[in-house]
Amino acid sequence: MTRIVVLISGNGSNLQALLDQSDANQLGGQIMAVISNKADAYGLERAHAAGIATAVVSNQDYADRESFDAALMQVIDGYQPNLVVLAGFMRILTPTLVRHYRGRMLNIHPSLLPRYQGLHTHQKAIDAGDKEHGCSVHFVTEELDGGPVILQARVPIFAGDTASEVAERVLVQEHAIYPLTVRWFCDGRVVMQQGNAYLDGALLPPHGYA
Ligand code: GAR
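In short, a report on the structure. Everything numeric in this text was worked out from a predicted model, so none of it was measured. (Residues numbered from 1 in each chain as written. Predicted model: local features only at pLDDT ≥ 70, side-chain atom pairs only at ≥ 80, totals over all residues. Heavy atoms only, no water.)

Turning to the pattern of salt bridges, a few remarks are in order. Here the structure, examined in full by the defined rule, presents six salt bridges. For the salt bridge of R154 with E132, the shortest nitrogen-to-oxygen distance reads 2.5 Å. Residue R154 is located in strand β7 (residues 149-156), and its partner E132 is located in strand β6 (residues 132-139); the two are separated by 22 residues in the primary sequence. The residue R169 makes a salt bridge to D161 at a minimum N-O spacing of 2.7 Å. By relative accessible area, R169 is classed as partly exposed at 22%. A relative accessible area of 12% means that D161 is categorised as buried. (Salt bridge = Lys/Arg side-chain N within 4 Å of Asp/Glu carboxyl O. Helix = DSSP H or I, 4+ residues; strand = E, 2+ residues; numbered from the N terminus. Buried < 20%, exposed > 50% of the residue type's maximum accessible area, 1.4 Å probe, protein only.)

Take a look at the structure:
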């Protein structure tokens, strides 16, 4: 059984999608704990409602990134996870932490990577005049939002769309592709080797499975 720890910072709608998938016995693994760097993250309530253990490791309690990540790692490792899932976790992680979970840490990012790494991705896509946008699930590597992509989903951008309208459209897709990718990982179908992602033994292209 794949032991999963989910890291959040906020609303936790992606966490909810994973919890729902788990309820339906379709996740392929077990969510052992939800950890937030914010005590008031709504996602913690979602975890409580689902009877999942929670922990808060507040970055504000630590002098620097290294000491925060060391504390975070200790809490994560207390649950002995095979998989760490970043679901709207809004902290940049140190290379030490990322290396520790190499090949067993996933992230979802609201853009069609490699386009628009970092923040404000929806506005960036609108400002660029893009006709489509989307989200990507990828393995986490030391390069921010730069690890190998496993799966992407696309949505249209319509004339006059606001960033929040686009974000809402993208979130619907996030809730579909993240549980699916976690399932693939739990079933041993997706792995990272030598910095590349493989699905069923086949090297995935830069934009992931298509
Ligand atoms: C999601 O859109 C996720 O892709 C994004 O934050 C949102 C969290 O929503 N993550 C990042 O931007 C990471 N760089 P949620 O808390 O409702 O799941």
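A few words on the sheet that holds strand β5 (residues 105-109). Taken in spatial order, the seven strands make up an open sheet running β3-β2-β1-β4-β5-β6-β7, and their pairing is mixed. The open sheet is flanked by β3 (53-56) and β7, the only strands paired with a single partner. On average, adjacent strands in this sheet sit at an angle of 20° to one another, irrespective of strand direction. Here helix α2 (residues 42-49) sits on the sheet and contacts β1 (2-8), β2 (29-36) and β3; the angle it forms with β3, its principal contact strand, is near 155°. (Pairing = 2+ DSSP bridges. Axes fitted to C-alpha atoms, helices over the stretch in contact; angles between N-to-C directions. Contact = heavy atoms within 4.5 Å.)

Interhelical geometry of helix α1 (residues 13-23) versus α2 gives an angle of 15° and a closest axis separation of 9 Å. On the basis of the axis angle, α1 is roughly parallel to α2. For the pair α1 and α2, the sense of crossing is right-handed. Contact residues: S13, L15, Q16 and L19 in α1; G43, R46 and A47 in α2. Here the residues of the contact of α1 with α2 sort into three nonpolar, three polar and one charged. (Parallel < 35°, antiparallel > 145°, perpendicular 65-115°, else oblique. Left-handed = near helix turned anticlockwise from the far one by under 90°. Nonpolar A, V, L, I, M, F, W, Y, C, P; charged D, E, K, R; others polar.)

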